[in-house]
Amino acid sequence: ASTEPAGARAPPVLGSGPAAEGDDRVFDESGRFIMRAFDRQRPMSSFLPGVGGLWGLPMWTFYVNRGQGVATFGIENKDGGILMFQTAEKAYQVTPTVAFRTMIKGSRDGVDFTAQPFMPAPDTPRRDMFIGSNEMEIEEVDEATGLQTNVLYFTVPDQDFSALVRRVTLTNRADTPVELEVIDGLAKLEPFGVTVGALQSMGRTMEGWMHVYNYDDELTRPFFHLVTSPADTAEVKLIKEGHFAIAFVEDGDNIDAGSGRHELLPIICDQQAIFGLDTTLTVPGAFFGTGRSLADVLATPQSTTSRTPSAFAGASLSLAPNASASISVIYGHAPDLETFLSDILPTLTKAGFVTAARAAAQALTTLMTDRVSMRSGVPLMDNYVKQNYLDNSLRGGMPFTLGAGLPGKKPKIYHAFSRIHGDLERDYNNFVIQPTYFSQGPGNFRDVNQNRRCDVLQLPAVHDFNVRQFLSYVQADGYNQLTVATAFFTIHDPWLVKSVASRLVAPGPGYDVVADILAKPFRPGQLFAEIKAAGITLMLPREDLLNLVTAVAEQVPAGQYAKGQGGFWTDHWTYNLDLLTDFVAVYPDEKQHMLFDSEPVPFFFSAGRVSPRSDKYMLADNSGTVRQYDAVTEPADKAAELQAMWADPSYVGDQYAGAMWQRDPQGSVFRVPIISKLVVLVANKFAILDPLGMGVEMEAGKPG
């Protein structure tokens, strides 16, 4: 990769990217929405898409219009927070202090000054936020110091690790040079292994397990995780997974000529080295104090155990008039310290990586929205359509074809990137974004269904996939489970398992391991993760491997009736009608075949049963008020049937999510043509019309 000489990075040009005074544009030239004076607007929260590409590992990131934006980020779910998950009302309060910070000591023309860009103050400089489809940037222009500060965030796609890049660009807008000492980074980093519930209810106790590793000899490559699992059990489990933080200045003088990699900046992991005894983390007195310097901070002995660490980078910069310098601080996750040092670190520090990763992140969301890209006389509409489709894809998943290329094999449809709609505002949903290739997380039936309505219109290869999947989730009583889980693939024929394994690996121990993996139900991301964890070298490229195994495997939908679901939603069945309508719009000549002659579909079987009126109608108080309570119960006979289903060797899934299909007395899955399923559904709903025939009664404990 080519390198840039010191000071060669062009400073942001006011009016072309960042918003200049008097600039009334809604979008910048990159199509990013401009929120002017963002921290003086009403509070709002949003998020980066959290997609790593088909062959990358995602990271979730939520931001607000307070402080330096990002309020929390991490891997997989709320328990994987590198910066602890905060609900919206807390994030609006604490983000300026406990999240990302920039502290500057400067000297210009013999006059010293200090600054904390983006910190709350009565009179603040101009501050704007730029919201892109897969990035977010904030900017402050401070005339008092002559400095412009830009902070750009994006997640790294197409890599075997999850990471968030924070690029801080400082520009000297004055006509005299300036000397700067900069401390920039994360005020609080939660080591891997602690849950958000434990942090919120016994955070002080959890600190007893916290430790910063790989920090003894040099301060540039810290690795953060708990010493052991904090569970109060006899068995002690060591933790190897961890979070990391690295930083470097992006200029040619900072690149090692031999390796072509950036030299790392020191990381400050002890808050007290910067803030002293100010536990509010408001004033960095140990840095801003008279006579104190960055060198003094770095020389301070730091505590690395039994304390919530920070992850700040320290750098000294000299900026000529109109010159800029960028510090990139990267936070991420690794399965162990060895992988971080041997595989991830060389990738991240390679010259040009940050710029290339940003371009890849932008290209990823462009690729995801190309199906609906349009150019009209109203740019606002053009951008809205793409953003709306991106949001729909995150809820329902983006359909891709797998298993293509083998004669006589119909491609499988797999929806990547989906997840439940949990965020800072909708804190009641525990989102899951699997840190795997082809990442897909569970979602709610209504959300997934309604956001797949247009799949067949944009990708005709989807065909009747969604119709069949969601009608399969309908029970014999017309209701359905809440959660749509990630689909499984399974190869039933043991001979076929061995045949496929022989094409993937050479004879030997690796063959046996791969055969064992393929003999069990698997998901695409899980398949690659297990093969990698076993250290197996494959004989096929990963794309060919995936096409091969999915072509010969059966795809099995997975549903989950969550414990404590407490009922069934009245309106869920209506969304199936849109799937039918859209299929017929694309394939009108196949309507009859789909309804009568296509492969039959099963009935979902959950633990819940709608109680008869005699059991659920009751007097609620002494006034004689009639109420409907305990509308859905979980009877013992259904629990016994589920236990028998899970124990059956042919069952695909686990006791939480899987192909829980109703069986006949002989133990075979009961299936009917789609037209029969629709007749059963209509009959059920007609039977629970209200006495006046105005609508369907909410008899199952949940509204519409």
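Peer 1: I'm lost on the overall build of the protein chain in this one. Help?
Peer 2: Scanning the protein chain from N- to C-terminus turns up 20 helices and 29 strands. The C-alpha atoms of the protein chain give a radius of gyration of 28 Å, which matches the 27 Å a tight globule of 704 residues would have. Projected onto its principal axes, the C-alpha coordinates of the protein chain cover approximately 90 × 75 × 65 Å. Summed over its atoms, the accessible surface of the protein chain is roughly 30200 Å², and 54% of this surface lies on carbon and sulfur atoms.

Peer 1: Mind showing me how you'd approach helix 7 (residues 353-369) here?
Peer 2: Quick reminder: α-helices carry 3.6 residues per turn. Residues three or four places apart thus point the same way. Here helix 7 is 17 residues long and its end C-alpha atoms lie 25 Å apart, about the 24 Å a rise of 1.5 Å per residue gives. What helix 7 keeps buried is the set Phe353, Val354, Ala357, Ala361, Leu364, Thr365, Met368 and Thr369. Down the axis of helix 7, the sector holding all buried residues measures 145 degrees, keeping them to one side.

Peer 1: What's the story with helix 14 (residues 524-533) in this structure? I'm lost.
Peer 2: Within helix 14, the full set of buried residues consists of Pro524, Gly525, Leu527, Phe528 and Ile531. Seen along its axis, helix 14 keeps its buried residues to an arc of 160 degrees; they face one direction. Residues of helix 14 that are buried sit in contact with strand 19 (398-402), strand 20 (412-416), strand 22 (483-490), helix 13 (509-518) and helix 15 (542-552). Looking one or two places after helix 14, you find Gly535, whose phi comes out positive at around 70 degrees.

Peer 1: Which parts of the structure should I look at to understand the environment of Ser303?
Peer 2: Relative to the helices and strands, Ser303 resides in the loop between helix 5 (294-299) and strand 17 (311-319). Taking the C-alpha atoms as reference points, Ser303 and Ala273, 30 residues apart in sequence, are found 9.0 Å from one another.

Peer 1: Is there a simple way to think about a nonpolar patch on the surface in this case?
Peer 2: Where nonpolar side chains cluster on the molecular surface, the patch consists of Val26, Phe33, Met374, Val378, Leu380, Met381 and Tyr384 and spans about 650 Å² of accessible area. No other element matches helix 8 (residues 379-396), which puts three residues into the nonpolar patch. Tracing the backbone through its elements, the reader meets Val26 in the segment before strand 1 (33-36). Residue classification places Val26 among the partly exposed residues on the basis of a relative accessible area of 44%.

Peer 1: What exactly am I supposed to notice about the nonpolar core here?
Peer 2: Among soluble globular proteins, nonpolar side chains are generally buried collectively. Of all hydrophobic cores here, the largest spans 71 residues; its most connected members are Phe73, Leu180, Leu186 and Tyr331. The greatest single-element share of this core, amounting to five residues, is contributed by strand 17. Excluding anything up to four places from it in sequence, Leu180 contacts Ile104, Lys105, Gly106, Phe113, Leu147, Leu170, Ala315, Ser316, Leu317 and Leu319. Core analysis: the next-biggest nonpolar cluster, separate from the first, contains 42 residues, Val456, Val467, Tyr651 and Ala657 among them.

Peer 1: Quick question: what am I supposed to make of the sheet that holds strand 22 here?
Peer 2: Within a sheet, adjacent strands bond to each other through the backbone by hydrogen bonds, running parallel or antiparallel. Spatially, 21-22-23 is the arrangement adopted by the three strands of the open sheet, whose pairing is antiparallel. Only two strands of the sheet have a single neighbouring strand rather than two, namely strand 21 (443-444) and strand 23 (554-560). Of the strand pairs in this sheet, strand 21 and strand 22 are connected by two bridges, and their pairing is antiparallel. Opposite Asn444, over in strand 22, you have Thr483 as the bridge partner.

Peer 1: Any chance you could explain the packing of aromatic side chains here in plain terms?
Peer 2: Aromatic ring pairs: the centre-centre distance and the angle between the two ring planes describe each pair. Within this structure, the stated rule accounts for 34 aromatic pairs. Seen from their ring centres, Trp55 and Phe528 are 5.3 Å apart, and the 85 degrees between their planes marks the pair as edge-to-face. Highlighted residues: Trp55 in the loop between strand 2 (45-48) and strand 3 (60-64) and Phe528 in helix 14, separated in sequence by 473 residues. Each of the two residues, Trp55 as well as Phe528, counts as buried. Where Phe85 meets Phe431, the ring centres are 6.1 Å apart and the plane angle is 55 degrees; that geometry is what we call tilted. Placement of Phe85 in the loop between strand 5 (81-83) and helix 1 (88-98) and of Phe431 in the loop between strand 20 and strand 21 is noted, with a sequence separation of 346 residues between them. Accessibility expressed as a relative area gives 1% for Phe431, which makes it buried. Taken together, the aromatic side chains of Trp55, Tyr414, Tyr437, Phe438, Phe489, Phe522 and Phe528 make up a single cluster linked through ring pairs. Above the plane of the ring of Phe287 lies Lys105, whose end atom (NZ or CZ) is 5.8 Å from the centre. Here the basic side chain of Arg523 rests over the ring of Phe488, its NZ or CZ set 3.9 Å away from the ring centre.

Reading guide: rules and limits
Residues numbered from 1 in each chain as written. Predicted model: local features only at pLDDT ≥ 70, side-chain atom pairs only at ≥ 80, totals over all residues. Heavy atoms only, no water. Helix = DSSP H or I, 4+ residues; strand = E, 2+ residues; numbered from the N terminus. Rg over C-alpha atoms; globule rule 2.2 N^0.38 Å. Areas by Shrake-Rupley, 256 points an atom, 1.4 Å probe, with all protein chains shown as cover. Expected span 1.5 Å × (residues − 1). Buried < 20%, exposed > 50% of the residue type's maximum accessible area, 1.4 Å probe, protein only. Arc of directions from axis to C-beta. Contact = heavy atoms within 4.5 Å. Patch = residues over 30% accessible without salt bridge, like charges linked within 9 Å, V, L, I, M, F, W, Y side chains within 5 Å. Salt bridge = Lys/Arg side-chain N within 4 Å of Asp/Glu carboxyl O. Core = buried A, V, L, I, M, F, W, Y, C linked by side-chain atoms within 4.5 Å. Pairing = 2+ DSSP bridges. Phe/Tyr/Trp six-rings, centres within 6.5 Å; stacked < 30°, edge-to-face > 60°. Lys NZ or Arg CZ within 6 Å of the ring centre and 35° of its normal.

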